[in-house]
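Residues per chain, in single letters:
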Amino acid sequence: MPFKPNTMPLGLAGLGILFSSLLLLVPGNDELEKDAEGWRGFAWKSTALLIGLAIGYALLLRPIGFIASTTLFIVLSSHVLGETNFVKSISTGLISSGIIWYLVDDVLGIYLVALPAIIGGTP
Amino acid sequence: MIDGLLMGLGAAISPFNLIMVFIGCFLGTFIGMLPGLGPMSIIAIMIPIAIQIGDPASALILLSGVYYGAIFGGSTSSILINAPGVAGTVASSFDGYPMARAGQAGKALTVAAICSFAGGTIGAILLMIFAPVLSTVAKLFWSAEYFALMVLGLTAIAAFAGKGKIIKALCMTVLGVMLATVGESALHNAARFTMGIMDLQSGIYFVTLVMGLFALPEALFLVLDEKRSKAMANNNKIENLRISKEEAKEIAPVVARQSLLGFFVGVLPGAGATMASFLGYGIERNLAPAGEREKFGKGSIRGLAAPETANNAACTGSFVPMLTLGIPGSGTTAILLGALVALSITPGPRLMEDQPEVFWAVIISMYLGNIVLLILNLPLIPYIAKLLTVPRRYLIPFVIFFSLIGAYIGQNNATELLIMIGLGCMATVLRFGGFPLPPLIIGFILGGMLEDNLGRAMRKAGGLEFIWDRPMTLGILVLALALLVYPIMKDRKKVIRE
């Protein structure tokens, strides 16, 4: 029997089918129902907003640069979680992103685009 | 062994490496205190930096410092706010948190620091003695046996599962191996499951996976479960750091027993610090005199010393299969294994012969890590807890930010971030469903090696004949099957009885 690129995926698919079927058929796996009860009263809206902000961060990191995108992410996500003072959140975002950019890019030598492309950043 | 130790000392004790171990312990302790960033995530964050350092010995010394620091940092948040960031420190909160609530937070942290030091140091001595023996045995292994060992590692991972979760753990393990098949395999040039995305050609980056599976869901859970994260806002008084002579006498035999037990549990692939800490806690509770036994769970100093020692000794023990066989004994060593591969080091039986300076430098770095951790943390105990008072509205964004940037700086690729967020959402849903995530990451890390060794063994034997042609392969596979079937049968019996 030759070993091909699809040998492993096919074998894994078989095992996946077997274990998933066992999960459904074997008694005593009632945690799902119990856990479903615990879903109530959770902060779903804030969580969805944070996930959205993380996606936005991923999309904006290169076009607008590390410092602007990180500051924006820290400011907006801290406001989602209850911060009301913009001066505090903006200064926290700016100072922390500046320090981290300096440590990563300058000290450790891992390239991070700092500024938006239109004012000199090279994505 | 003495030559090796001297070689390790030569490699490890340079001003640069001493700075590395200090930085590692310092960063590990501070970041490890943040729930959501356990040793796994912190090491993952530090890997790109370690790779930049270039010299494998210095990089490993940094990572060892981070590892020990992170374990101690995790215990700190367990003790102070009852929020263990990782499973391995859950048992420390059983008695550590009641001690902290009773105004003995400082003493509890001191016990944790000293027991971690003792467990880690005794573990490192045991590692020095046993690793070369295991390494000699390991040289008898060929690709067929390696394949069988990987299977054994995967099935033993079910130990992460807990009661009634064996099938869920197996599903996660298979999912992890499946994710490892994305991209080109080492034996073929055919791209698999890339969906036309060029960035997936080389597979899923393991830091992205780790961040997506651990750090991001932890942060999302803190947002979802406001009660839990608001508990972090509690202020904790840290006074009275001293341990009395009577208390020292009380914990000394506990430390001795749990260092040994923890180390050997840690050596077993898949067992790790969590199992060692729970086992240690249970054993010490049974061994304690009747009066003391009642105190367990209410602030017993033995109840804190046992899991703290066992947990650290197990962490050191898990380095044995990683260094000598290339099999991670825990989720964290699975990530360290990835780091070693990224540093062009192939862990396994040849490591001691091919790169002895790296092997011994790792062992010396463990001593150094433990000593530096103690020197650094005892005076800092009153101050380090202040980090936990970072308001939730900033703590969570920073946890998410650090996980995103950890994945980004490794590949300098924004697609990684989107993959990570997708994985994070998937992991959050899986956590709700009670699916354990460590088996997934170990499946992922072992998956690539499993496929390579299976492919080589099958090519050599012309099929699956190698399984019954080689007695050692068959023996290991039978053991793996037994480890797989036994908990299922035990579970079923219990369900039927109930």
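Residues numbered from 1 in each chain as written. Chains lettered and ligands numbered in written order. Predicted model: local features only at pLDDT ≥ 70, side-chain atom pairs only at ≥ 80, totals over all residues.

Here the focus is the overall build of chain B. The number of helices and strands found in chain B is 22 helices and zero strands. Counting the 498 residues in chain B, one finds 62% classified as buried. (Helix = DSSP H or I, 4+ residues; strand = E, 2+ residues; numbered from the N terminus. Buried ≥ 20, exposed ≤ 12 C-beta atoms within 10 Å, placed from the backbone.)

A few words now on the overall build of chain A. Looking only at helices and strands, chain A has five helices and zero strands in total. Across the 123 residues that make up chain A, the buried fraction comes to 27%. In chain A, of all internal contacts separated by at least 6 residues, the share reaching a separation of at least 24 is 47%. (Contact = placed C-beta atoms within 7 Å.)

Moving on, we come to the interface of chain B and chain A. Tallying the contact residues gives 48 residues for chain B and 47 residues for chain A. Listed by contribution, the elements that provide at least two residues to the side of chain B that touches chain A are helix H3 (39–53), helix H7 (166–180), helix H8 (206–224), helix H18 (392–411), helix H19 (414–432), helix H20 (438–461) and helix H22 (471–497) of chain B. The biggest single contributor to the side of chain B that touches chain A is H18 of chain B, with 10 residues. By residue class, the composition of the side of chain B that touches chain A is 29 nonpolar, 10 polar and nine charged. (Nonpolar A, V, L, I, M, F, W, Y, C, P; charged D, E, K, R; others polar.)

Note that predicted coordinates carrying low pLDDT should not be read in detail. Within chain A, residue pLDDT values average 82, and 80% of them lie at 70 or more. Helix H2 (residues 31–37) of chain A is the least confidently modelled element of chain A, averaging 51 in pLDDT, while helix H4 (residues 66–80) of chain A averages 94, the highest of any element. (pLDDT = per-residue confidence, 0-100.)

With that out of the way, let us pick up the nonpolar core. Among soluble globular proteins, nonpolar side chains are generally buried collectively. In terms of nonpolar packing, the biggest core is built from 192 residues, with Ile 43, Met 46, Leu 63, Val 210, Ala 361, Leu 404 and Ile 441 of chain B touching the most fellow members. The element that contributes the greatest number of residues to this core is helix H5 (residues 90–138) of chain B, accounting for 20 residues. (Core = buried A, V, L, I, M, F, W, Y, C linked by C-beta atoms within 7 Å.)

As a further point, take the confidence of the model for chain B. Residue and element names in this part refer to chain B. Summing up the model confidence of chain B, the mean pLDDT is 78 and the portion of residues at 70 or higher is 85%. Across chain B, the element-wise mean pLDDT spans from 64 in helix H9 (residues 226–230) up to 89 in H19. As a predicted assembly, this complex carries a pTM of 0.68 together with an ipTM value of 0.88.

It is worth spelling out unusual backbone geometry at this point. All names here are of chain B. Located in the positive-phi region is Phe 193, a residue other than glycine, with phi close to 50°. Tracing the chain through its elements places Phe 193 in the loop between H7 and H8. Its identity is not glycine, yet Met 195 carries a phi of approximately 50°, on the positive side. Within the secondary structure, Met 195 sits in the loop between H7 and H8.

This paragraph deals with the packing of helix H3 (residues 44–64) of chain A against H8 of chain B. Closest axis-to-axis distance for the H3 of chain A/H8 of chain B pair is 8 Å, and the angle between their directions is 145°. For the pair H3 of chain A and H8 of chain B, contact is made by Ser 46, Thr 47 and Leu 50 of chain A and by Leu 220, Val 223 and Leu 224 of chain B, respectively. Grouping the amino acids of the contact of H3 of chain A with H8 of chain B by side-chain chemistry returns four nonpolar, two polar and no charged. (Axes fitted to C-alpha atoms, helices over the stretch in contact; angles between N-to-C directions.)

All right, on to H7 of chain B then. Counted at 1.5 Å a residue, the expected span for H7 of chain B with its 15 residues is 21 Å, and the 21 Å between its end C-alpha atoms agrees. Burial within H7 of chain B is extensive, with 15 of its 15 residues counted as buried. (Expected span 1.5 Å × (residues − 1).)

This part is about the environment of Lys 298 of chain B. Here Lys 298 of chain B is to be found in the loop between helix H12 (290–295) and helix H13 (301–317). As for Lys 298 of chain B and Phe 94 of chain B, which are separated by 204 residues in sequence, their C-alpha atoms are 7.6 Å apart.

Let us now look at the packing of helix H10 (residues 245–267) of chain B against H13 of chain B. Residues and elements named next belong to chain B. Interhelical geometry of H10 versus H13 gives an angle of 35° and a closest axis separation of 7 Å. The handedness of the crossing between H10 and H13 is right-handed. Considered class by class, the residues forming the contact of H10 with H13 number 15 nonpolar, nine polar and three charged. (Left-handed = near helix turned anticlockwise from the far one by under 90°.)

Residue and element names in this part refer to chain B. Secondary-structure assignment places Met 99 in helix H5. As for Met 99 and Leu 304, which are separated by 205 residues in sequence, their C-alpha atoms are 9.0 Å apart. Sequence-distant contacts of Met 99, defined by excluding residues within four places in its chain, comprise Gln 104, Lys 107, Ala 108, Gly 299 and Leu 304.

In a regular helix each residue adds 1.5 Å, so 15 residues correspond to 21 Å; H4 of chain A covers 21 Å between its end C-alpha atoms and thus fits that length. Burial analysis of H4 of chain A places 13 of its 15 residues in the buried class, the great majority of the element.

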